[in-house]
Amino acid sequence: NPADNREELIKLANTRMPFGKFKGSYLIHLPEPYLVWMKGQGFPAGKFGDQLKLILEIKVNGLEDLIYPLLEVVFVYLNALLFDDLNALLFDVLIA
């Protein structure tokens, strides 16, 4: 399903490194040599390891520019949610 693929790419773009020297960095911002080193050590098992493998492939093939715009998708979406929540709150306050 294309919508699921897009959602997964957005999640990938906005996943942060949970440990190590680059803890807190977006995976797409990890240096390629670090990812190559991790590959040599063995990527972690599971979804996170799969995400690291995919990020390495994206970087090796020079496709980072396809991921960077997706970082903003989450922020725009969250801002829209916040704005909608704020409008609802103001509406409730004004009506009450």
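Treat the numbers as computed from the prediction; the structure is a model and nothing was measured. (Residues numbered from 1 in each chain as written. Predicted model: local features only at pLDDT ≥ 70, side-chain atom pairs only at ≥ 80, totals over all residues. Heavy atoms only, no water.)

**Topic: the packing of aromatic side chains**
Which entries qualify depends on this criterion: Centres within 6.5 Å make a pair out of two Phe, Tyr or Trp rings, where for Trp the six-membered ring is used; the pair is then stacked when the planes are under 30 degrees apart, edge-to-face when over 60, and tilted otherwise. To qualify as a helix, a DSSP run of H or I must reach at least 4 residues; to qualify as a strand, a run of E must reach at least 2; elements of each kind are numbered from the N terminus. Working definition: with a 1.4 Å probe on protein chains only, accessible area under 20% of the residue-type maximum means buried, over 50% means exposed, and in between means partly exposed. Ring-over charges, as used throughout, are those where CZ of Arg or NZ of Lys falls within 6 Å of the ring centre and within 35 degrees of the ring normal.
For the coordinates displayed, the defined rule picks out three aromatic pairs. Taking the centre distance of 4.8 Å and the plane angle of 65° together, the rings of Phe22 and Tyr34 count as edge-to-face. One end of the pair, Phe22, is in the loop between helix H1 (2-13) and helix H2 (32-41); the other, Tyr34, is in helix H2, and 12 residues separate them in sequence. Residues Phe22 and Tyr34 agree in their burial class; the two are buried. Summarising the aromatic geometry, the rings of Tyr34 and Trp37 are spaced 5.9 Å apart at their centres and angled 25° between planes, so their arrangement reads as stacked. Highlighted residues: Tyr34 and Trp37, both in helix H2, separated by three residues, approximately one helical turn. Aromatic ring contacts, followed pair by pair, group Phe22, Tyr34 and Trp37 into a single cluster. Just above the ring of Tyr26 sits the side chain of Arg16; from NZ or CZ to the centre is 4.1 Å.

**Digging into the environment of Met17**
Inclusion rule: Should any heavy atoms of two residues lie within 4.5 Å, those residues are counted as being in contact.
Looking at the element boundaries, Met17 is found in the loop between H1 and H2. Overall, the relative accessible area of 2% leaves Met17 in the buried class. Separated by 10 residues in the primary sequence, Met17 and Leu27 have C-alpha atoms spaced 5.9 Å apart. Not counting chain neighbours up to four residues away, the residues in contact with Met17 comprise Phe22, Lys23, Gly24, Ser25, Leu27, Leu30, Tyr34, Met38 and Phe48.

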